[in-house]
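Fold and contact review
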Amino acid sequence: MIIDETIKKDIEELSGQKLSDCYQCGECTAGCPTAFAMEPVPSQSIRLLQLGKYSELLESAGIWLCAACNVCGERCPRGVDYGKIADACRTIVLRNKVTHITLEKVDKKFILDAPQQAFIAAFRKFTT
Amino acid sequence: MKSEKKRIGVFVCHCGINIAGVVNVPEVVKRLKETTDAAVVIDHQYCCSDPGQNLIKETIQKEKLDGAVIACCSPTLHENTFRKTAARAGINPYNCEIANIREQCSWVTEDKEKATDKAAKIIKTLIKKVQYDEPLTPISIPVTRKALVIGGGVAGIQAALDIANTGYPVILLEKNPSIGGKMSMLSETFPTLDCSQCILTPKMVEAKQHPNITLMTYSEIDSVSGYIGNFKVKVRQKARYVDWDKCTGCDICVGKCPKKVSDEFNCGLSERKVVYKMFPQSVPNRVVIDAPNCLYIQKGACRLCEKHCPFNAIKWNDKDEIKELEVGAIVLATGYELLDKQRLGPYGFGKLKNVVDGLQFERILSASGPFMGEVKRPSDGKVPERIVFVQCAGSRDPENAMAYCSKICCMYTAKQAILYKHRVHQGEAVVFYIDVRTGGKGFEEFYKRATDEGILYIRGKVSKIFEKGDKVIVWGADTITGKKVEVEADLVVLATAMVPAAEKSFAQLMKLTQDEYGWFTEAHPKLRPVETLAGGFFLAGASQGPKDIPEAVSQASGAASKVIILFASDTLEHAPVIAGVDEDLCSGCGVCIDVCPYKAREIQVKEDGKKKTVKVIEVLCEGCGACSAACPVGAAQQKNFKDKQIEDMVKVGLE
C-alpha cells in the first residue's frame, strides 16, 4: 500500500484537517511569512503527506519553522489550515520522545537574555 | 370505483445487477404469486429493453389484463415508456404503475433479505393502487404560439432569431437600453481573436430588423402568471424621457448634456452623460435619460437636451409603462455578472485602482473603450510595463466565494495577455494559475501560443495584492519549485468568478429553481439541459451556468428548438392525474383555494343559486395534492390518489 492509513488518520485527527481537501494551489506558501526559510514549504509539506511520505516531513525543519500565524488557514480556498497540520506533525514527533532542546546544551548567556515567555514556550514546543 | 377485481400483471425488472444484485428477484416473484391476487407475476433482465416491452405487451394481451405494475427504476425515468407499452397493448396507460424498487430499495438497502422484503412490499402497495386506478385521458390545452426571450445578450439574440426564423413571433426583452449583453463589451474573442463587436453587431441588426421579432429594451418583468402554452406576462417598460419614435440617435443632446456620471458600459473606467447611448453600435440606436441623475428631473434646472434636440424628442412627462403580453413559451437568457471585487479581501477589496477585473480589462483593450484601445492603467493613464493576471479570483474557492470553476477565465486570460503583448511589445505579462483548463476546440493550441509569445505562467494561487508607491505588489508562489514569488506590477487583472445575473426575486417571480449559487436549474443535468422542471420555461446561455460564447449560442439554439417543438401543434396534452371535487361533499369553504399553489381552484355557484362548491381549473392543476390534504370533508380528491386508495396502500405496506 502506498499510503499508511494509520499515520494519515493520526495527522487528520490531531489537526482536524482533511488532507485530500488540498488541491495544491499554493496560496498558503504565497502568504507564509516564514516560507523563505522553510524546507519544504507549506504546500509541499501537505503534498508529502498526501503522498504518504510522512517521515520526509516529520524529519524536516519545515514543521518547526511554522510561526502558527494562521495566514495559510485564513486564506486557503479549501479551508485547510496548514498551521494545524504542522502542529499535528510536531505532536507526533514529540510523542515519539524526540527532544529537540535540552537545558544543559543551551548557552547560559542565552538563558539570561531570552525573554522568559519565549524560553518556556520553546521548551513546551520542542520537548516531550 | 370498480367492484369487480382487475386482472393485474406484475413485471419485476432485474435492471442487470442494479436491482437483482441486492434484491432476490425470484424470491419476490414467488412471494407475490403466493400472497397477492396478481393474475401474472413475471421477471425480466431489462424490462425497458425491446424484448422486455414486448413481453409486457404480449402478456397483457394474452392474459387479458386490465392493469400492470412494473417494478423497476424511478418513474421519472421509465413511467412514460411503460405507460406507452400498456397503451399499445390496449389498456388505459394510467392503469399501469411503477413500483420503484431501485432508487427507493436496492440502491439504498445493503441487507439483501431486508431489501427483498421491502421490494415485495413496495410492489404489493402498487398492486393495491392499480386495483383502484381509474382510466384517465390527457387534457388538451391550447398553445399561444408566441415566445418571450428574456435577456438580449448573444444567447437571447440567437434564441430569438432561431424562433423567429421558423415563423413564430418573438418578443426580445432587455433591461438595458440596448441589446448586445456582455459580448458587446468584449474586445476580441478567444481562440480566434476575432473582434467581438464585428461578429455580434450583424446579429443585433438582424434581430432589430426581423419582421417576427419585437424588441423591448429598457424593460423588466413585473409579473408572470399562467402556465405552459398560456403565460400572461406584465412587462415594465422603464421611462426613457425620450420619444423613441422621434429620436434618431443623432447624439446632439449627448454633446450638450452638462452632467457626467460613471459609465456602466465601461465598467466605471470612464464617464458618460446623463442623456446617453450605451455604445456607438447600440440597437436600437436611441438615447435615454438617466432620471436619478438628470438635473432637470431632480432639480428643475437645465433642459439643454430639450433645447438642442432637432426632433423635439425629449419627453419630460414620460412614465413607466406596463405592457401585458400573452406568450406560450419563455426563454431565460439572463446571463452572468462578475463577482464583486469587494468580496476579495486579500486582493484589495476592490479598492485598489490598478487592480481591475476581466471585463474592465476588456474595456481597456476595446477600441470603443475608455482609452480607445490603447492599454493604459486607470490610476494615471500610464502604459503598464508589467501586468499580472490572477486566475481563480473567487472561483474554485468554496471558503470565500464560489466553489465552481468559471470555465472561461483560463482562455480569456490567455487572450488578454496575448492582446496586451500585441499592443505593448516590451510589456511583460505574468499569469498566476492553479490549473490551465483548455477543454475546447483550439483552446490548448491557443494556450501554447500564449506561452510561445513569452507570457510567463507561474503555477500558484495569489495570496495577497497591495499597493506600494505607484506599483501593485503581488504575493504568489511557484508550487513547482516551492518558492515564494513577489511580483511588482503596474496593473493587475483579476479573473473574477462568473456569477448569475438573475436575482432570487426574479426566479421566484417565475417559480423557477436555482442552485445554491443562483444559476437556473435544468430539468436534467445531462438529458434535459435546456429545459426547466416548470413547463414552458427554457434556458439559454449563462443563465444556467458559466459558458463561453459558442456554448451559449449552441444552448440558445437548443432552447429555441424546444420552443419550436412546443409550437409545432396548437394544442398540448396536460397530464390528467389532477384533483377533482366531489360536489355532494363540498361545502364551498374555500380552504383548498388558499392552499393551491397554482391558482387552479375557484368557487362556483350551482344552478339553483344556493349551493356553492369549488371547481377545478383542470389545465392549471399540477396534481400536487395540497387541496386533498387540506379539505376538511374529503371532497377534494386527487385522481388515482384518492384517500381510500392511499389508506389501503398504507395498510398493505404495514402488513
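What counts and what doesn't
- Residues numbered from 1 in each chain as written.
- Chains lettered and ligands numbered in written order.
- Predicted model: local features only at pLDDT ≥ 70, side-chain atom pairs only at ≥ 80, totals over all residues.
- Heavy atoms only, no water.
- Core = buried A, V, L, I, M, F, W, Y, C linked by side-chain atoms within 4.5 Å.
- Buried < 20%, exposed > 50% of the residue type's maximum accessible area, 1.4 Å probe, protein only.
- Contact = heavy atoms within 4.5 Å.
- Pairing = 2+ DSSP bridges.
- Helix = DSSP H or I, 4+ residues; strand = E, 2+ residues; numbered from the N terminus.
- Axes fitted to C-alpha atoms, helices over the stretch in contact; angles between N-to-C directions.
- Salt bridge = Lys/Arg side-chain N within 4 Å of Asp/Glu carboxyl O.
- Domains from an automatic or database assignment.
- Buried area = accessible area lost by both parts, 1.4 Å probe.
- Polar contact = N/O pair within 3.5 Å; in protein donor to acceptor, adjacent residues only side chain to side chain.
- Nonpolar A, V, L, I, M, F, W, Y, C, P; charged D, E, K, R; others polar.
- Disulfide = S-S within 2.5 Å.

Description of the nonpolar core
Residue and element names in this part refer to chain B.
- In terms of nonpolar packing, the biggest core is built from 145 residues, with Ile 289, Phe 361, Ile 465 and Val 492 touching the most fellow members.
- Look past the residues within four positions of Ile 289 in its chain and what remains in contact with it is Tyr 218, Arg 240, Tyr 241, Val 242, Val 274, Val 275, Cys 294, Ile 297, Cys 305, Ile 314 and Trp 316.
- Counting residues in each nonpolar core, the second largest holds 43 residues, with Phe 11, Val 23, Cys 96 and Ile 122 among its members.

Observations regarding the sheet that holds strand β4 (residues 96-100) of chain B
All names here are of chain B.
- In spatial order, the strands read β2-β1-β3-β4; together these four strands make up an open sheet with parallel pairing. Each end of this open sheet is capped by a strand with a single partner; those strands are β2 (40-44) and β4. Each neighbouring strand pair of the sheet contributes to a mean axis angle of 20°, computed without reference to strand direction.
- Both strand β1 (residues 8-13) and β2 contribute to a ladder of five bridges, which runs parallel. Bridge assignment links Val 12 to a residue of β2, and that residue is Asp 43.
- The strands touched by helix α3 (residues 50-62) within the sheet are β1, β2 and β3 (67-72), with β2 carrying the most contacts at an inclination of about 170°.
- Along the sheet, helix α6 (residues 112-132) makes contact with β1, β3 and β4, crossing β4 at roughly 160°.

Points about the pattern of salt bridges
Residue and element names in this part refer to chain B.
- Using the criterion set out here, one finds 44 salt bridges over all chains in the structure.
- The residue Asp 117 makes a salt bridge to Arg 31 at a minimum N-O spacing of 2.6 Å. In this pair, Asp 117 is assigned in helix α6 and Arg 31 in helix α2 (residues 25-35), connecting sequence segments 86 residues apart.
- Residue class for Asp 117 comes out partly exposed when judged on its relative accessible area of 38%.
- Classification of Arg 31 as partly exposed rests on a relative accessible area of 25%.
- Linking Glu 618 and Lys 639 is a salt bridge whose minimum nitrogen-to-oxygen distance equals 3.7 Å. Of this pair, Glu 618 sits in the loop between β33 (612-616) and α18 (626-630) while Lys 639 sits in the loop between β34 (636-638) and α19 (643-654); the two residues are 21 residues apart in sequence, bridging distant segments of the chain.
- Among the ionic contacts, a cluster of salt bridges with common partners joins Arg 377, Asp 380, Lys 382, Asp 470, Lys 471 and Asp 490.

Structural notes on the domain arrangement of chain A
Residues and elements named next belong to chain A.
- Annotation of chain A at the domain level lists domain 1 (5-96) and domain 2 (99-128).
- Approximately 470 Å² of surface area, both sides summed, lies buried where domain 1 meets domain 2, with 64% of it carried by carbon and sulfur atoms.
- Of all residues in domain 1, the largest losses of buried area upon contact with domain 2 belong to Trp 64, Arg 90 and Leu 94, amounting jointly to 88% of the total for that side.
- The interface formed by domain 1 and domain 2 includes zero salt bridges.
- On the surface where domain 1 and domain 2 come into contact, there are zero residue pairs in polar contact (both at pLDDT 80 or more).
- The greatest single-element share of the side of domain 1 that touches domain 2, amounting to three residues, is contributed by helix α7 (residues 82-95).
- Residues that form the side of domain 1 that touches domain 2 fall into these classes: four nonpolar, no polar and one charged.

Some points on the sheet that holds strand β11 (residues 219-227) of chain B
Residues and elements named next belong to chain B.
- Taken together, the three strands give an open sheet; going across it, the order is β11-β12-β17, and neighbouring strands pair in antiparallel fashion. On the outer flanks of this sheet lie β11 and β17 (321-327), each paired with one strand and no other. In this sheet, adjacent strand axes meet at a mean angle of 20° when their direction is disregarded.
- For β11 and strand β12 (residues 230-237), the ladder comprises eight bridges, and the chain directions are antiparallel. In the sheet register, Ile 221 faces β12, and the bridge partner there is Val 235.

Digging into the environment of Ala 417 of chain B
Residues and elements named next belong to chain B.
- Along the chain, Ala 417 falls in helix α13 (residues 409-423).
- On the basis of relative accessibility, which here comes to 0%, the residue Ala 417 falls in the buried class.
- A sequence separation of 164 residues divides Ala 417 from Cys 253, and the C-alpha atoms of the two residues are 38 Å apart.
- Apart from residues no more than four positions distant in its own chain, Ala 417 is found in contact with Phe 389, Ala 429 and Ile 455.

Focus: the side chain of Arg 272 of chain B
All names here are of chain B.
- Locating Arg 272 in the fold gives a position in strand β14 (residues 271-273).
- Look at Arg 272 and you get buried, because its relative accessible area is 7%.
- Reaching out from Arg 272, the side chain makes a polar contact with the side chain of Asp 290 at a distance of 3.0 Å.
- Every residue in contact with Arg 272, bar those within four places of it in the chain, is listed here: Lys 259, Lys 260, Val 261, Ser 262, Asp 263, Glu 264 and Asp 290.

Considerations on the state of the cysteines
Residue and element names in this part refer to chain B.
- All told, the structure shown has one disulfide over all chains when counted by the stated rule.
- One disulfide bridge connects Cys 195 with Cys 198, the sulfur atoms lying 2.4 Å from each other. Taking the torsion about the sulfur-sulfur bond, which here is approximately 80°, the covalent link between Cys 195 and Cys 198 counts as right-handed.
- According to the relative accessible area criterion, Cys 195 is partly exposed, its value standing at 25%.
- The structure places no disulfide on Cys 405, whose sulfur is separated from the nearest cysteine sulfur, that of Cys 410, by 6.2 Å.

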